[in-house]
Each structure stands twice: as C-alpha cells, then as structure tokens.
Amino acid sequence: MENNFNLPKNNKKRVVIVGAGFAGLKLARKLRKSAFQVVVLDKQNYHQFQPLFYQVATSGIEPSSISFPVRKIFQKNTNLHFRQTQLLEVLPDQKKILTENGELSYDHLVIATGVTTNYFGSANLERHGLPMKTTAEAINLRNRILASFEKAILTEDVNEHTKLMSVVIVGGGPTGVELSGAIAEMRRFVLPKDYPELDFSKMKILLYEAGPRLLNGMSEKSGLKALEFLKELDVEVHLNTRIEDYDGEKISLSDQTEVYATNLLWTAGVSGKYIKGIAKETYTPSNRLVVDSYNQVIGLDGVYAVGDIACVSDDKEYERGHPQVAQVAIQQANNLADNLMSNKQKPFKYKDKGSLATIGRNMAVADLPGMKFSGFIAWVLWLFVHLMAIVGVKNRFFIFVNWAQSYIWRDQSLRILIAPYNRNKKKSTNQQSVSAS
Ligand SMILES: Cc1cc2nc3c(=O)[nH]c(=O)nc-3n(C[C@H](O)[C@H](O)[C@H](O)COP(=O)(O)OP(=O)(O)OC[C@H]3O[C@@H](n4cnc5c(N)ncnc54)[C@H](O)[C@@H]3O)c2cc1C
C-alpha cells in the first residue's frame, strides 16, 4: 500500500536515495538546495565511516566517533527528509519502491546500498568467520577478541591458550593488512600489560591471502613494503594460500595444513545484494548493478546506482568496474547530482587521487599520482586524510584525542566488553561473546 511517510505534499519532483553511505550522503548534500524533494532511506539511522572500523575492532576508537546520526546532518534542510526503513523491492513500471514500511513513489530513484561480505558460498565460513562490514560487526569483533583473552586467563590448558589468543585474518587487502598491524601492536604494547599471566609467545597473528601479493589494488612496491612492515611486527603472512574450511576452531588450508584459532576475521571479499524487481541480467557475477556512464541502471528509466553497488559498464580504463572505494562513491554522487540538476548530461570519469594504507605506528604506504612512498610521512598523511574525512567536528576531536593517547602512552583506553543485552540468555557476558558470531 502507498505510504506517504509523512512527507510534505507539493509539486516537486521526488528523488529517493536508498543508502546513506559515502555515495548517498554526498548526493543528498548536493541536492539539498535543489528544486527536488529529496528523501533519504537507510536501514540504520546513522552514517558509518568504514575505513576506521578496524580501529573500533582493536579498541582504538569509540564506535560513536565513526558513526554519525543522519538526521543531525540534515537538521537545517526543510527540503530533505530521512526515513529509517529497508528497501525490499523496486517496482520500476509503477515508479515505486516497496520498503518494509510500505510503498513510496519516486521520480528518480538512486540505489546506493553498498555491498556486503562475500563468503564465496561457504556456509561454514559465513557461520564461524567474523566479518567487519558494519559498526555492529566491528564492535562484535572487539568483544570477541577481548572475551577470548578473558576466557584464556581462566584456563591453564596451554593448547587452549594458543587457540584463544591467536587471530587469523583472511584477505590481504587494505582491511586485512590494517587489522593485522593493529592487532600486532596490541600484542606488543597493550595485551601483555592487561594479561601478565599469559605467555604471549603463544599468540600468533596469521594473515592469509589467496593471491601472490598484498594490497592488490595498490602498486607492487607498496604491497612489498606492507609485507616488510608486517614481518617487522611479527605477523605471519601466507600468500597463495586459501582457507578451505573452518569449523570455529580448526582452519583447513589449501596447502593441506591446518591451524587452530577461535577468531577468524574474514576480510576476503564483498558482493552486492540482489534487489527484487531488478532483472537478474542487470547484475554482474558479484551482484553489482550494471550502469551506463551516467550511472543509470541499464534498461531502467529514472533508476540510478552509485558507489560500491554500481559497476560502470563502458569505461575502457576500468573494464571490471571501478575500485570499490570511497572516492569513487563520492565522485559518482557528485556527477549524478550535477546531471539531475542540469539539462546537460556529463558522463562519469573517475579521477584517481591515490591510495593509502596504514600498517602500524609510523608505518604506512602511499600511492599518489606520480609518487609512491612509505614510512612516517605516509603515516602522517594517512592520519590527516582520514581525520579530515570524518563527519562532524566532535568526532574528529575525539578520534584525534584517542590517537594522541595511544601514540604517547602506547595504550588504548577502550577495552570494554559490552555485549548486547539479551534477556533470553542466561550465560555470563564473556561466554556469550566468545560463542556468538
Ligand atoms: C573495513 C573497511 C575499510 C575500508 N577502508 C577504505 C579506505 O581506507 N579508503 C576507501 O576509500 N575506502 C575504504 N573502504 C570502502 C568504502 O568504505 C566503500 O567504498 C564506501 O563505503 C562505499 O560507499 P557506498 O555509499 O557505496 O556504500 P556504503 O558506505 O556501504 O553505504 C551503504 C548504505 O546503504 C544502507 N543500506 C544497505 N542496504 C539497504 C537497504 N536494503 N535498505 C536501506 N538501506 C540500505 C546501509 O545501511 C549503508 O548505510 C573500506 C570498506 C571497509 C568495509
């Protein structure tokens, strides 16, 4: 049934944006003073800054510092409306969408729903592996790591210690590399002080990558440098090695060996989520929506896709689609906003401003147009770029304070285990967190 969602009735054309991530938020911000009625829908009521999830997972920063209430961003805009709901289906013939709160009509629909974790069909990895694609998942990761240490200190079985303390990270992209480095720094500077009774030579940090190198989206030089930094931090990196199976403790590897760990962090792949009502042929094999160079979904008039979910089909330079990074999402949203507000249509052209990845304190790699460098300068640049990209002055301030504190005192203050309240469970907090996934 059509639901007007308490939207003002007027003659303005309506742009419905689904997803308040990097792409959706940028588009809404650019359209807020336009002649359109702009409606932003998201299943959550906050925007999340994914590049710093790994710092939440490793107790470096508060989850609230990287999550920002969408309503606050648009408080002063009478033309722009946010509704927390989930898109279920697109009805292109009727120019409507179906949400979990009813139908809503649109003149232009923009799908900016991002992507989700891809386990490549392995039910066991999906069940036991720990993803990091939402703030809630980053908090769960933090809880799991801390709860494992609380559990380890309660037992004198040394084999259990190795399983509980060791962390396996799967995927040698920026997320896997950043997580490995941050956990290695916790092992070096923080955890031995919290758990002096445990033998930290038993704690292994293992990074597995199916391909022949780390940081595949960056230069070979940066990949090699990241490997060197991780070795310095005593992370065991295994290239050309795939995870075949995981039962929650035993990890079976493609080289026929086995390792044991209670915590396997899965950062090995993403895929889009199929949206009902859009023909299956419109998706790539990894479920991205195929769009033309104006970001219009192929064959669907008035329906656009931007950001990670979109795959531009006709850019010769990026035949397999643009990289799924924030800059692509932001630039596509910018271009689409200009096109929606003008009669002149401009095709999307990605301007690569470079890539950065950090491994640890004073250790980062940078691929910028015309130069590649690593070490302290790259690390400071990484800090600056990420701090400036965070939404909200207060968030920037708190992140800066957290970073300064951990740099000066080599400590993180956020090692607090707050498991979600579940009135039906009678288990203790740490049992809940270690066994939940
Ligand atoms: C751990 C991690 C680290 C990263 N690090 C970097 C980095 O350092 N640099 C970089 O450039 N990029 C990085 N990325 C990638 C970057 O975050 C993405 O490219 C970017 O978030 C894509 O923006 P988006 O708007 O397309 O999607 P998202 O930011 O994912 O936003 C999608 C939004 O859609 C909402 N949504 C989804 N489905 C529905 C639905 N059915 N109904 C309603 N709402 C829905 C979600 O709640 C979400 O708010 C990282 C990603 C991850 C996961």
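Everything that follows concerns the structure shown earlier in this document.
Presented here is a report on the structure given in the accompanying data block. Each chain has its residues counted from 1, following the order in which its sequence is written. With the structure being a predicted model, the display of local features is reserved for residues of pLDDT at least 70 and the display and counting of side-chain atom pairs for 80 or more, all residues being used for whole-chain, interface and lining totals. Side-chain numbers come from the whole structure's heavy atoms, not from hydrogens or water.

**Observations regarding the overall build of the protein chain**
Numbered from the N terminus, helices here are DSSP runs of H or I no shorter than four residues, and strands are runs of E no shorter than two. Each helix and strand in the protein chain was counted, giving twelve helices and 24 strands. Taken over the C-alpha trace, the protein chain has a radius of gyration of 23 Å; the compact-globule value for 437 residues is 22 Å, and the two agree within 12%. The dimensions of the protein chain, computed from C-alpha atoms along their principal axes, are 70 × 55 × 45 Å. By definition in these notes, contact holds between two residues if any of their heavy atoms fall within 4.5 Å. A separation threshold of at least 6 residues defines the contact pool for the protein chain, and within that pool the share at least 24 residues apart is 63%. Using a 1.4 Å probe, accessible areas were evaluated by the Shrake-Rupley method; residue-level cover was limited to the displayed protein chains. Total accessible area on the protein chain is roughly 21,000 Å²; 51% of this is exposed by carbon and sulfur atoms. Computing the positive centroid from 54 side-chain charges and the negative centroid from 43, the protein chain places the two 9 Å apart. This radius of gyration counts C-alpha atoms alone. The globule rule is 2.2 Å times how many residues there are, raised to the power 0.38. Neither His nor the chain termini are counted; the positive set is Lys and Arg, and the negative set is Asp and Glu. A single reference atom marks each charge: NZ on Lys, CZ on Arg, CG on Asp, CD on Glu.

**Some thoughts on the sheet that holds strand β14 (residues 243–246)**
What links the strands of a sheet is backbone hydrogen bonding, and the strands pair in either a parallel or an antiparallel sense. If you trace the three strands from one edge of the open sheet to the other, you get β14-β15-β16, paired in antiparallel fashion. Either end of the sheet is taken by a strand with one partner, and the two such strands are β14 and β16 (258–260). Averaged over all pairs of adjacent strands, the angle between their axes in this sheet comes to 25°, without regard to strand direction. Bridge analysis of β14 against strand β15 (residues 250–253) gives three bridges, and the strand direction is antiparallel. Residue Tyr246 lies in a different strand from β15, and its bridge partner there is Ile251. By the convention used here, strands pair only if DSSP detects at least 2 bridges between them. A fitted line through C-alpha atoms represents every axis, and for helices the fit uses only the stretch in contact; the resulting angles, taken between N-to-C directions, go from 0 to 180 degrees.

**Here's the deal with the packing of aromatic side chains**
A pair of aromatic rings is counted whenever rings of Phe, Tyr or Trp (Trp by its six-membered ring) have centres within 6.5 Å, and the orientation is called stacked for planes under 30 degrees apart, edge-to-face for over 60 and tilted otherwise. One pass over the full model with this rule turns up ten aromatic pairs. Plain terms: the ring middles of Phe149 and Tyr195 are 5.3 Å apart, the flat faces sit at 35° to each other, and that makes the pair tilted. Placement of Phe149 in helix α5 (residues 135–152) and of Tyr195 in the loop between α7 (174–194) and β12 (205–208) is noted, with a sequence separation of 46 residues between them. Arranged with centres 6.1 Å apart and planes meeting at 35°, the rings of Phe376 and Trp379 form a pair that is tilted. Highlighted residues: Phe376 and Trp379, both in helix α10 (residues 376–389), separated by three residues, approximately one helical turn. Judged by relative accessible area, Phe376 falls into the partly exposed class, the value being 46%. Ring pairing ties together the aromatic residues Tyr54, Trp382 and Trp403, which thus form one cluster. The cationic tip of Arg361 hangs over the ring face of Phe189; the distance from NZ or CZ to the ring centre is 5.7 Å. Burial here depends on accessible area, computed with a 1.4 Å probe over protein chains only, as a share of the maximum for the residue type. Under 20% is buried, over 50% is exposed, and the range in between is partly exposed. Cation placement over rings: the criterion is NZ of Lys or CZ of Arg within 6 Å of the ring centroid and within 35° of the ring normal.

**Some words on the packing of α5 against helix α6 (residues 158–165)**
Two packed helices can be described by the angle between their axes and the distance between those axes. Their axes nearest at 9 Å, the elements α5 and α6 cross at an angle of 170°. Looking at the two axes, α5 sits roughly antiparallel to α6. Contacts between α5 and α6 involve Ser148, Phe149, Lys151 and Ala152 from the first element and His161, Leu164 and Met165 from the second. Charged means Asp, Glu, Lys or Arg here, nonpolar means Ala, Val, Leu, Ile, Met, Phe, Trp, Tyr, Cys or Pro, and polar covers whatever is left, Gly included. Taken together, the residues of the contact of α5 with α6 break down into four nonpolar, two polar and one charged. Our angle categories are set so that under 35 degrees counts as roughly parallel, over 145 as roughly antiparallel, 65 to 115 as roughly perpendicular, and the remainder as oblique.

**So, the site of the ligand**
Taken together, the neighbourhood of the ligand is formed by 27 residues, with Ala23, Asp42, Gln50, Asp308 and Ala326 sitting nearest. Under the rule applied, a polar contact is a pair of N or O atoms within 3.5 Å (in protein, one hydrogen donor and one hydrogen acceptor; residues adjacent in sequence only if both atoms are side-chain atoms). Side-chain polar atom of Gln50 to an oxygen atom of the ligand: 2.8 Å apart, as the coordinates give it. A distance of 3.4 Å is found between an oxygen atom of the ligand and a backbone nitrogen or oxygen belonging to Val325. Contact with the protein chains hides 88% of the accessible area of the ligand, taken as 1,000 Å² for the molecule alone. Both domains that furnish three or more residues to the shell around the ligand are identified here as domain 1 (2–43 + 85–115 + 272–341) and domain 2 (123–270). Throughout this document, a residue counts as near a molecule or strand when at least one of its heavy atoms sits within 4 Å of that molecule or strand. Each domain span listed reflects an automatic or database assignment of domains.

**What about the environment of Val290?**
Looking at the element boundaries, Val290 is found in strand β19 (residues 289–291). For the pair formed by Val290 and Tyr304, sequence separation is 14 residues and the distance between their alpha carbons is 9.7 Å. Excluding its chain neighbours within four sequence positions, the residues that come into contact with Val290 are Thr282, Tyr283, Thr284, Gln296, Val297, Ile298, Cys311 and Ser313.

**Let's talk about the layout of surface pockets**
Both cavities and pockets are sets of points on a 1 Å grid over the protein atoms alone; in a cavity a 1.4 Å probe fits but cannot get out, in a pocket the set is open with protein on both sides within 12 Å along at least five of seven lines, and lining residues sit with an atom within 4 Å of a point. Grid points are joined across faces, edges and corners, and a volume is the space filled by probe spheres set on the points. For the second largest pocket, the calculated volume is near 630 Å³. Lining of the second largest pocket is provided by 30 residues; of these, Gln55, Glu185, Trp379, Trp403 and Ser406 occupy positions nearest its centre. Of all elements in the fold, only α2 (53–57), α7, β22 (355–360), α10 and α11 (393–409) reach the threshold of two or more residues within the lining of the second largest pocket. Here the element with the most residues in the lining of the second largest pocket is α10; it accounts for eight residues. Within the lining of the second largest pocket, the residues separate by chemical class into 18 nonpolar, seven polar and five charged.

**Here's the deal with the nonpolar core**
As used here, the term nonpolar core means buried Ala, Val, Leu, Ile, Met, Phe, Trp, Tyr and Cys residues forming a set that is joined through side-chain atoms within 4.5 Å. Membership of the largest hydrophobic core comes to 58 residues, with the highest contact counts inside it found for Leu52, Ile66, Phe149, Ile183, Met203, Leu214 and Ile359. The biggest single contributor to this core is α7, with seven residues. Those residues within four positions of Leu214 in sequence are excluded, and the remaining contacts are Gly172, Val177, Leu207, Glu209, Gly223, Ala226, Leu227, Leu230, Val237 and Leu239.

**Here's the deal with the pattern of salt bridges**
Salt bridge, as applied in this entry: a Lys or Arg side-chain nitrogen positioned within 4 Å of an Asp or Glu carboxyl oxygen. Using the criterion set out here, one finds eleven salt bridges in the structure. Ionic pairing is found between Glu249 and Lys163, a salt bridge with its closest N-O pair at 3.1 Å. Placement of Glu249 in the loop between β14 and β15 and of Lys163 in helix α6 is noted, with a sequence separation of 86 residues between them. A relative accessible area of 15% means that Lys163 is categorised as buried. A salt bridge links Arg242 to Glu244; the shortest N-O distance between them is 3.0 Å. Where salt bridges share partners, they join Glu160, Lys163 and Glu249 into one cluster.

**Examining the packing of α7 against helix α8 (residues 220–232)**
With their axes 10 Å apart at the nearest point, α7 and α8 run at an angle of 20° to one another. One finds that α7 runs roughly parallel with respect to α8. Crossing geometry of α7 relative to α8 is assigned as left-handed. Facing Val177, Ser180, Gly181 and Arg188 of α7, the residues of α8 in contact are Ala226, Leu230 and Glu232. Each residue belonging to the contact of α7 with α8 can be placed in one class, and the counts come to three nonpolar, two polar and two charged. When the near helix sits turned anticlockwise from the far one by under a right angle, the crossing is termed left-handed; a clockwise turn instead gives a right-handed crossing.

Purely spatial values, then, with no claim about function.
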